[in-house]
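Geometric and topological summary
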Amino acid sequence: MALNPLPQGSARLTADFAAPTGPVLHGAAGSLYGVSEDGVPGDELLDAIDITTLAVKPDGGAQHPNGDASGAVAALKRNGSGLAFVYLQDLFAKWPYEDVGIDLYHEKLYEIVPPMLTPANAGRLVWVPFNEPDWIWYGLKENSPAKYDRFLADWITTVQLLRGLAPGVPVAGPNEAYYHPEFLPHFLRRARDTGTLPEWMAWHELSPQSLAEFRGHYAAYRGLERSLGIAPRRVNIDEYGNNRDLSVPGQLVQWAAMFEEAKVHADMAYWTAAGSYSGAAPQPNVPNGAWWFLKAYSGMTGQTVRVNPPHPNTVDTLQGLASFDAQRGSAQILVGGTVEDFTVTAEGLDPEYWTERVTATVHRIDWTGYEGAAGPPVPIAQVVSDPGRLEIPIDGPDRMAAYWITITPGEAALIGPPPWKGQWDAEAADITSGEITRHGHADDGNAFAASGEHDVSGLNMNGSAVVFQVHVPEAGSYDLAVFYAHMYGRGAEATEPQPAQQVLTVNGAERFVDYPSTMNWQHRSIVREAVTLRAGSNTVELSKSGAIGTARGEVALDKIELTERRSERTSYDPAFARPHGDGLVFDLYAAAEGYHRVEGAAAAVLAGPQNQDVPVDLTRPVFFHAGINRLRTGAVEGPLLVAPASGPRPIEVDAAEVTRTGGSCLVVNDFAHRGHVIGWNGRGATAAIEVETAAGPHALLVSYANDERGKGHEYNVDIVSRPCDIAVNGKDAGRYPMRGTWTWNDFWTYPVILDLDEGRNTIVFTNPDGPTAEFERFRIAPINP
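Definitions and cut-offs
- Residues numbered from 1 in each chain as written.
- Predicted model: local features only at pLDDT ≥ 70, side-chain atom pairs only at ≥ 80, totals over all residues.
- Heavy atoms only, no water.
- Helix = DSSP H or I, 4+ residues; strand = E, 2+ residues; numbered from the N terminus.
- Buried < 20%, exposed > 50% of the residue type's maximum accessible area, 1.4 Å probe, protein only.
- Contact = heavy atoms within 4.5 Å.
- Areas by Shrake-Rupley, 256 points an atom, 1.4 Å probe, with all protein chains shown as cover.
- Core = buried A, V, L, I, M, F, W, Y, C linked by side-chain atoms within 4.5 Å.
- Phe/Tyr/Trp six-rings, centres within 6.5 Å; stacked < 30°, edge-to-face > 60°.
- Lys NZ or Arg CZ within 6 Å of the ring centre and 35° of its normal.
- Polar contact = N/O pair within 3.5 Å; in protein donor to acceptor, adjacent residues only side chain to side chain.
- pLDDT = per-residue confidence, 0-100.
- Pairing = 2+ DSSP bridges.
- Axes fitted to C-alpha atoms, helices over the stretch in contact; angles between N-to-C directions.
- Parallel < 35°, antiparallel > 145°, perpendicular 65-115°, else oblique.
- Nonpolar A, V, L, I, M, F, W, Y, C, P; charged D, E, K, R; others polar.
- Left-handed = near helix turned anticlockwise from the far one by under 90°.
- Salt bridge = Lys/Arg side-chain N within 4 Å of Asp/Glu carboxyl O.
- Disulfide = S-S within 2.5 Å.
- Expected span 1.5 Å × (residues − 1).
- Bend = angle between axes of the 7 residues up to and from the residue.

On to the overall build of the chain, then. Helix and strand content of the chain: nine helices and 51 strands. Along the longest, intermediate and shortest principal axes, the C-alpha atoms of the chain span 75 × 70 × 60 Å. When burial is assessed residue by residue, the chain has 61% of its 785 residues classed as buried. Of the contacts made within the chain by residues no fewer than 6 positions apart, 79% connect residues no fewer than 24 positions apart. Total accessible area computed for the chain in this model is approximately 28,000 Å², and 51% of it derives from carbon and sulfur atoms.

Following this line, the structure appears as structure tokens:
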């Protein structure tokens, strides 16, 4: 029986649960510079990802202003057993690295390696002595014997040096920008004969064609090992994917499928800004669709099983991976990558284990751009069947989405039909004074993803407009999601980076819609507006001007989505929560900060943004900040049901109400709450607020802006996190990194949990090392009133 049965698809992907292929590795969940410093992203995002590897720079390296190894290791140690692959050449400032000669490079290694050999880093580091030597320093891609010999001589002496400086720390290499079949036999033979084989074999897969070629590369490499009598090395593809892949669940599933099949580790590439976990963490505690994909992937436990896609080794096609965990009583399948109808067939489900009936629930993990916040995967269909041959049809798939299928024994309670949803690409709308541009296709891999591979830009004339004719099934309230990009607020008439606007007109009714800045003109985000529509045809227009006036700035439009507004209550299945001791961890999402009711357990522990454990009574409302909130429970029998609730109004302190000392000052900012921010001149300045509260844990929401930048880079955006030290009633309450917000006129929220006393409390903000972020306001609310 199926809820809202879906037509049988012509393509078929088969998961054979009688053919295990080994323990789930989660190897594809790594990232290069995905952690910029300890706290960016926050543990609320990192905790749910099984990070086996991260790629970072040496402490103090000049290539980027962030990404130091020791900070990444500190985050890794709280969130699993992962390793930090240290790109040692990132000690240099230039890109490509300045060729100073091997002797000077070795002198620098003498300086930077020993300080990283701390007890805190023990067992967590892997040295990567060379990065892309196929074109940097050595030109190995020219396949010149002389260039081979130069690199191999330097490889031998460098590995010998590192093993002398840091006995027992593994080495990875040769780390070329692609799989290099001509060079690798020379490398492996010479390294074998000189005792300098790396413990880890590393290379990059940075082309869309890698989706077709990686399995061949991997097989060829293992064949080389066998032919040379070399014991199998562990493999890390320590850079993979293009901008078109990162943030896109339907692309990431294709990469994860082949890396998990090969049981290799792999790190998503670093093309944009550090600390965004390669496009999965829009803000330090806020997830997007890619994060939910990584969470679903990391939640696959037990053994992987054989998966047969219809077109293996093909770019941009249906691919998938599957797992079975006998102890947890669950099977999972992740699929995606196509717009064609398809069917997932689950074979080999043992009836003695699964009983007479099984329930498969299909969840859609949507693409929400690089910076658009996303809630949990949406359950869209169920199939109840005997376990002999379970057929799960998927009709009208979104190529940019992934589909997460959970299989449990018995007949589960049926889900209701999902909220109606429709989408319309901007390039297919009626466009006035705008330009259609193609992005993110397989022939232009490092362009950014766009729905339908196109967007509409140049909407900076007074007459510029994009008009969508939409059709909805019923009259009522809908959520309008506008996918857009807006680089630093620099529109046609802007004099400084600032948020932008458009006029939104729905069936003739106008209002302004505001757009926060994004990283660049293709780094897409989402703004959401509630709209009321009539049944049938409606007109939705986004324009530069209207009867209400002319909008500020300029945006590029990708698409709009309309989703039927339903109950705001969300169900979280305990079968797919994360085990924690004798209990579970639920990753609960809040679209906005505020109080929530949690049903399904009587008590729990709220693990705050900095891992403060706060016991909470779930018979009373609990304050959640926007983004992910981790709730640890004991064993529960049914789902947790979470919905917004009423609670006490937070205390709010505006920038103008703050007590300032030293070099802190009040600065006019038209985009700030009530028009001012706290600015900073020099070191040692402070800002202090005084609040009257009850005793107990409170949420502190720091609203801030930060647009400090590093020296600049050829393609990376070197944003700099400014630290802020917080003290409560004279006691240190921690140091918190305020990640860059793209401009000084865009404000993000950093959540902290503080223990406050009964009565008056003094909270002080400072950075003894220099300026901290600019603050517009502070809000304080009791966690569990």
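Right, picking up where we left off after that structure.
Turning our eyes to something else, we now look at the nonpolar core. With 141 residues, the main nonpolar core has Leu88, Trp127, Phe259, Tyr277, Phe293 and Leu334 as its most contacted residues. Each residue touching leucine 88, except ones within four places of it in the same chain, is listed here: Pro58, Tyr105, Leu109, Ile112, Val113, Met116, Trp127, Val128, Pro129 and Leu162. Val702, Trp742, Tyr750 and Ile763 belong to the second largest nonpolar core, which has 42 residues in total.

Tallying each qualifying case throughout the model produces 47 aromatic pairs. Ring centres of phenylalanine 183 and phenylalanine 187 lie 5.9 Å apart, and the angle between their planes is 40°; on these two criteria the pair is classed as tilted. Phenylalanine 187 shares its class with phenylalanine 183; the two are buried. For lysine 559, the ring lying beneath its charged end belongs to phenylalanine 483, and the centroid distance is 4.5 Å.

This part covers the side chain of serine 464. For serine 464, the position within the fold is in the loop between β22 (454-457) and β23 (465-472). Judged by relative accessible area, which is 2%, serine 464 ranks as buried. For serine 464, the side chain forms a polar contact with the main-chain oxygen of serine 433, separated by 2.8 Å. In this structure, serine 464 is in contact with Thr432, Ser433, Gly458, Leu459, Ser543 and Lys544, ignoring residues within four places of it in sequence.

Right, let's talk about the confidence of the model for the chain for a bit. Predicted coordinates in regions of low pLDDT should not be interpreted in detail. The pLDDT averaged across the chain works out to 95; a share of 98% of its residues lies at or above 70. The least confident element of the chain, judged by mean pLDDT, is strand β1 (residues 2-3) at 37; the most confident is strand β6 (residues 125-128) at 99. The model gives residues 1-9 a pLDDT under 50, and that stretch makes 26 contacts with residues more than four places away or in other chains. This stretch, residues 489-494, has a pLDDT under 50; its non-local contacts, to residues over four places away or in other chains, come to 14 contacts.

The next subject is the sheet that holds strand β5 (residues 83-87). One open sheet holds the eight strands; their spatial order is β6-β5-β4-β3-β10-β9-β8-β7, and the pairing between them is parallel. Because the sheet does not close on itself, it has two edges, and the strands there are β6 and β7 (172-176). For this sheet, the mean inter-axis angle between neighbouring strands, taken without regard to orientation, is 25°.

Once that is clear, we can look at the packing of helix α6 (residues 210-227) against helix α7 (residues 249-262). Each pair of packed helices gets described by two things: the angle between the helix axes and the distance between those axes. The interhelical angle for the contact between α6 and α7, taken along N-to-C directions, is 5°, at an axis separation of 10 Å. By the angle between their axes, α6 is roughly parallel relative to α7. For the pair α6 and α7, the contacting residues are Ser210, Leu211, Phe214, Arg215 and Tyr218 in the first and Gln251, Gln254, Trp255, Ala257, Met258, Phe259, Glu261 and Ala262 in the second. Tallied by class, residues from the contact of α6 with α7 come to eight nonpolar, three polar and two charged.

Put simply, α7 and helix α8 (residues 289-298) touch, their axes get as near as 10 Å, and they point 30° apart. In this view, α7 runs roughly parallel relative to α8, as classed from their interaxial angle. Both α7 and α8 take part in a crossing whose hand is right-handed. Residues Pro249, Leu252, Val253, Ala256 and Glu260 of α7 form the contact with α8, whose participating residues are Gly289, Ala290, Phe293 and Tyr297.

What follows covers the environment of alanine 402. Counting through the fold element by element, alanine 402 comes out in strand β18 (residues 402-409). Judged by relative accessible area, alanine 402 falls into the buried class, the value being 0%. For the pair alanine 402 and glycine 80, spaced 322 residues apart in sequence, the C-alpha to C-alpha distance is 25 Å. Setting aside chain neighbours within four positions, we find alanine 402 in contact with Pro249, Gly250, Phe293, Val335, His363, Arg364 and Ile365.

In this section: unusual backbone geometry. Across the junction of tryptophan 95 and proline 96, the peptide omega takes the value -5°, indicating a cis bond. Looking at where proline 96 falls in the secondary structure, it is placed in the loop between β5 and α3 (102-116). For the peptide bond that leads from glycine 173 to proline 174, omega is 0°, which places it in the cis range. On the secondary structure map, proline 174 appears in strand β7. Of note, the phi angle at serine 278 is positive, near 55°, even though the residue is not glycine. Relative to the helices and strands, serine 278 is located in the loop between β10 (265-268) and α8. Look at serine 278 and you get buried, because its relative accessible area is 7%. Of note in the backbone geometry, arginine 674 takes a positive phi value of approximately 65° without being a glycine. The class for arginine 674 is exposed, based on a relative accessible area of 56%.

Further remarks concern the pattern of salt bridges. Within the structure shown, the criterion is met by 43 salt bridges. Arginine 306 serves as the salt-bridge partner of aspartate 16, at 3.0 Å between the closest nitrogen and oxygen. Here aspartate 16 is found in strand β2 (residues 11-23), whereas its partner arginine 306 is found in strand β11 (residues 303-308), with 290 residues between them in sequence. Classification of arginine 306 by relative accessible area gives partly exposed; the value is 41%. Between aspartate 617 and arginine 620 there is a salt bridge; the shortest N-O distance is 3.2 Å. For arginine 620, a relative accessible area of 34% translates into the label partly exposed. Each of the salt bridges in this network shares a partner with another, and the network as a whole consists of Asp47, Lys295, Arg578, Asp587 and Arg630.

This part takes up the state of the cysteines. Two cysteines form a disulfide when their sulfur atoms are joined by a covalent bond. Enumeration over the complete set of coordinates arrives at zero disulfides. Left without a disulfide partner, cysteine 724 is nearest to the cysteine sulfur of cysteine 665, which lies 15 Å away. For cysteine 724, a relative accessible area of 0% puts it in the buried group.

All right, on to the pairing of strand β37 (residues 613-617) then. Covered by surrounding structure in β37 are Val614 and Val616 only, the residues Asp613, Pro615 and Asp617 on the alternate face being uncovered. Pairing of strand β36 (residues 603-607) with β37 involves five bridges; the strand directions are antiparallel. Residue pairing for β37: alanine 607 is matched across the bridge by aspartate 613. Between β36 and the antiparallel strand that follows it, β37, lie five residues; asparagine 611 among them carries a positive phi value of about 70°.

Turning to α3, a few remarks are in order. Compared with the 21 Å implied by 1.5 Å per residue over 15 residues, the 21 Å span of α3 between its first and last C-alpha is a close match. Considering bend angle alone, the principal kink of α3 is centred on leucine 109 and spans about 25°. Residues of α3 that are buried include every one of Ile102, Tyr105, His106, Leu109, Ile112, Val113 and Met116, and no others. Against α2 (69-78), β5, β6 and α4 (145-165) lie the buried residues of α3.

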